[in-house]
Amino acid sequence: MSNMEPIAHIHTDMPQKFGIPRNSLVAPHLHGRIVFEPEFSSNLAVTGLDGFSHIWLLWQFENRVPGGTAGDIAADAAAASVPDAAADSNTAADAAAALDMAAASSAAVDAGAPSSVAAPGAHRHSAADTWSPTVRPPRLGGSKRMGVFATRSPFRPNPIGLSCVKLDRVELTDAGPIIHVLGADLRDGTPIYDIKPYIPFADCHPDAVAGFVDEVPWHELSVDFPDDLAKQITPGKLDGLVEVLRQDPRRAGSKHEPKRVYRLAYAGQDIGFTVDGDTLHVVEIREGRNW
C-alpha cells in the first residue's frame, strides 16, 4: 500500500491486538470514531453518507505495532517476529516465553504467522519474501491449515483489512467530519484507506455459502461478571466489553489453565479474567495504565 496514504484513522476502545473481535458485528456495541486526515477532512466529502445504515472500511493491518497495557507493550515488542504470540502474551514474564518462541521458526508457522518475518529493526523484505501460503484459522481451533486466501488472517502478502460496520452517525465539525460506527473490529489508531457505503442489493447474497466456516459451529463463552466489578466499568462501555469477552480473547487452541489471569486493555481500563471450560470469569478491574 506504499502508493496510497490513509484518509483517516479510527479510534476505538481496543488499544492492543489481544481481544479484538475476529469479525465485525460480533460485538455490535463496540464504538469507533473515524477522524479524517487534514487534507481529506471536508464535510462535503460525506454528503449523503448519513442515508446509509452500514459502511465498508478498507484499512491496514499493523501486525508489528506493539500496544496494550504496560506489560503487553513489552511482550508485543519482544514477540514482534512472531505476530500471533502477542495475542497470548499478557505479562512481562510471557515476553521471555515469546522470545523463546521466536527462536523457533516452526513456532511462527504453527501460530498462523508467515514463515519468514523480519525481526525488530531488521531489514523489511517485500511481501513476496515474508508471506506464507497457509495459516491456521482460529475458527478451526488453530489446529488445521487452510490457504491464506481462503481465510481472513491478518498475515497476508498485502496487509489489507476489510470491515463492514454499522453507521451510527455522521458528526460535522469545523475541523471536518467525524464518522461514528458500531461493531468496529479494529485496533485503536488503525489507518483507514477508503470508506464506501454498504448497498444491500449489491453486497448482500442470501444464498452465499461459507466453506469450512459453515462446518464449524460458532462458539461463545459464558461470562461471569460480578456486579461489584461491572459497576466499575466506564459508563456506556459494559455491553461492548461483555461481547468482546464472550468471543474468547485468548489465542486459538490455548491450553486449559483455569488459574491463569489474562489481562485485557479496554476503554482505559485493565480487565483481569480467567477461563475455566466454557466460562470466563472476570476477577479484577484496574484503572488504565500507559498504553
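Just above, that's the structure.
Residues numbered from 1 in each chain as written. Predicted model: local features only at pLDDT ≥ 70, side-chain atom pairs only at ≥ 80, totals over all residues. Heavy atoms only, no water.

Asker: Explain a nonpolar patch on the surface to me, please; I cannot follow it from the model alone.
Answerer: A surface patch of nonpolar side chains, about 320 Å² in accessible area, is lined by Phe52, Ile199 and Phe201. Mapping Ile199 onto the fold places it in the loop between strand S8 (190-197) and helix H5 (200-203). Residue Ile199 is classed as partly exposed on the basis of its relative accessible area, which comes to 32%. (Patch = residues over 30% accessible without salt bridge, like charges linked within 9 Å, V, L, I, M, F, W, Y side chains within 5 Å. Areas by Shrake-Rupley, 256 points an atom, 1.4 Å probe, with all protein chains shown as cover. Salt bridge = Lys/Arg side-chain N within 4 Å of Asp/Glu carboxyl O. Helix = DSSP H or I, 4+ residues; strand = E, 2+ residues; numbered from the N terminus. Buried < 20%, exposed > 50% of the residue type's maximum accessible area, 1.4 Å probe, protein only.)

Asker: Explain the sheet that holds strand S10 (residues 262-266) to me, please; I cannot follow it from the model alone.
Answerer: Neighbouring strands of a sheet are bound in pairs by backbone hydrogen bonds; such pairs are parallel or else antiparallel. Ordered by their spatial adjacency, 4 strands build an open sheet running S9-S12-S11-S10, and the pairing between neighbours is mixed. Single-partner strands in this sheet number two, and they are strand S9 (222-224) and S10. Within the sheet, the average angular offset between the axes of one strand and its neighbour, ignoring direction, is 35 degrees. Bridge analysis of strand S11 (residues 269-276) against strand S12 (residues 279-287) gives 8 bridges, and the strand direction is antiparallel. Looking at the pairing, Ile271 lines up with Ile285 of S12. Its contacts with the sheet put helix H8 (residues 238-246) on S9, S10, S11 and S12, and the angle it makes with S10 is roughly 140 degrees. (Pairing = 2+ DSSP bridges. Axes fitted to C-alpha atoms, helices over the stretch in contact; angles between N-to-C directions. Contact = heavy atoms within 4.5 Å.)

Asker: What exactly am I supposed to notice about the sheet that holds strand S2 (residues 31-36) here?
Answerer: Within the closed barrel, the 6 strands sit side by side as S1-S2-S7-S6-S3-S8. Their pairing is antiparallel. Ignoring strand direction, the axes of neighbouring strands in this sheet form an average angle of 45 degrees. Of the strand pairs in this sheet, strand S6 (residues 160-173) and strand S7 (residues 176-182) are connected by 7 bridges, and their pairing is antiparallel. In the strand pairing of S7, Leu167 is matched with Val181.

Asker: I keep staring at the environment of Arg156 and nothing clicks. Help me out?
Answerer: Here Arg156 is to be found in the loop between strand S5 (146-147) and S6. Given the relative accessible area of 22%, Arg156 is considered partly exposed. Look past the residues within four positions of Arg156 in its chain and what remains in contact with it is Phe61, Trp131, Val148, Phe149 and Thr151.

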